[in-house]
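# Structure at a glance
In case you want the letters, here they are:
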Amino acid sequence: MSIKIEKIREEKKKGSIIFLLKGTNEVFANTIRRLIVEEVPTLAVEDVEIKDNSSSLYDEMLALRLGLIPIKTDLKSYNLKEQCKCAGAGCAQCELKITLKASKKGYVYAGEAVSADPKCTFVYEKMPAAKLLSKQKLDVTMTAILGRGREHTKWSPGWAYYKKEPIIKVGKVEKPDLVAEKSTDGVFTLKNKKLELNEEKIYDSNLIEYYAELDKGITVEYSDNIIFTLENWGQLTNKEILTKSADILIEKIEALEKQL
Ligand SMILES: [Zn+2]
């Protein structure tokens, strides 16, 4: 079995990538999807020491919010606690300290936090952590650790999904106006009263089956290729996520091999 990957589109700003998987099946695609969502580790705030919080958010709410702010993750510098040399006691290789102090009226943004590791900071600077009224204060010290999405979704590096590649055939269309009007995702447009198929929109469309129902002139078949979409939350790049998921898959296979 030789698997080929063909990049369809990458939007760096959105952090998304769509690619075509050829020469494989849904079992493999789903394995990669699950490894991404549940196994690829990232850094996230796990402990919060609150010295001062007079904002309107309860301490628990504040801690929850801080836990969900994505942290740029350097997988080479950090270990999962259970795999660290310190045996889980906590050291610079498995824990990251981030402090956040604010006393100005208005929003407290993630960008105001100071990380002990300049490579690993909150990804989105304009993400609000809390809001302060005058004379209210925030002073917290956070400890971020590597974790996996299967334990808590805050450690998930992104969102992944896949579907089979549709092949649309346009024959004698009876109601081109109707199809074009219902085509809110731009797959079909009307040009000189003729229905035009915009191939590049097909990969994003969720209405393919609907078009076939609308008009008998449109038929849909599915190829053996799989359209795979990955959107990262910012902790890791798409390439890092996919490479790490492949590494984990190899580790798991080797572990299984040893048991046989
Ligand atoms: Zn350690």
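Parameters at a glance
- Residues numbered from 1 in each chain as written.
- Predicted model: local features only at pLDDT ≥ 70, side-chain atom pairs only at ≥ 80, totals over all residues.
- Helix = DSSP H or I, 4+ residues; strand = E, 2+ residues; numbered from the N terminus.
- Rg over C-alpha atoms; globule rule 2.2 N^0.38 Å.
- Buried ≥ 20, exposed ≤ 12 C-beta atoms within 10 Å, placed from the backbone.
- Contact = placed C-beta atoms within 7 Å.
- Pairing = 2+ DSSP bridges.
- Axes fitted to C-alpha atoms, helices over the stretch in contact; angles between N-to-C directions.
- Domains from an automatic or database assignment.
- Parallel < 35°, antiparallel > 145°, perpendicular 65-115°, else oblique.
- Nonpolar A, V, L, I, M, F, W, Y, C, P; charged D, E, K, R; others polar.

In this section: the overall build of the protein chain. Summing up its helical and strand segments, the protein chain has 5 helices and 12 strands in all. Taken over C-alpha atoms, the radius of gyration comes to 24 Å for the protein chain, far larger than the 18 Å a tight globule of 260 residues would show. Along the first, second and third principal axes, the C-alpha set of the protein chain runs to 70 × 60 × 25 Å. Counting only residues that meet the buried cut, the protein chain has 28% of its 260 residues in that class. For the protein chain, contacts bridging at least 24 residues in sequence account for 66% of all contacts bridging at least 6.

With that out of the way, let us pick up the sheet that holds strand E9 (residues 158–170). Two modes of strand pairing occur in sheets, parallel and antiparallel, and in both the strands are linked by backbone hydrogen bonds. Here we have 4 strands laid out as an open sheet, ordered E1-E2-E12-E9, and antiparallel in their pairing. Across the chains shown, the open sheet's two edge strands, defined by having one partner strand only, are strand E1 (4–11) and E9. The average undirected angle you get between the axes of adjacent strands in this sheet is 30°. Against the sheet, helix H1 (residues 26–39) makes contact with strand E2 (16–22), E9 and strand E12 (218–232), and its axis sits at roughly 150° relative to E9, the strand it touches most. Helix-sheet contacts for helix H5 (residues 238–259) involve E2, E9 and E12, and the interaxial angle to E12 is about 100°.

Relative to the helices and strands, Leu-43 is located in strand E3 (residues 42–53). Taking the number of C-beta atoms within 10 Å as the measure of exposure, Leu-43 has 27 and is therefore buried. Separated by 106 residues in sequence, Leu-43 and Gly-149 have C-alpha atoms that sit 11 Å apart.

This next bit is on the domain arrangement of the protein chain. If you check the domain split of the protein chain, you get domain 1 (4–38 + 158–231) and domain 2 (43–151). Its C-alpha centre places domain 1 at a distance of 39 Å from the equivalent point of domain 2.

The contact between H1 and H5 brings their axes to 9 Å, and the two run at 105°. One way to sum up the angle between H1 and H5 is to call them roughly perpendicular. Each of Thr-31, Ile-32, Leu-35, Ile-36 and Glu-39 in H1 lies in contact with H5, whose residues at this interface are Ile-241, Ser-245, Ile-248 and Leu-249. Looking at side-chain class alone, the contact of H1 with H5 contains 6 nonpolar, 2 polar and 1 charged residues.

The next subject is the sheet that holds strand E6 (residues 114–115). Spatially, E3-E8-E4-E6 is the arrangement adopted by the 4 strands of the open sheet, whose pairing is antiparallel. What marks the edges here is a single partner per strand, and that holds for E3 and E6.

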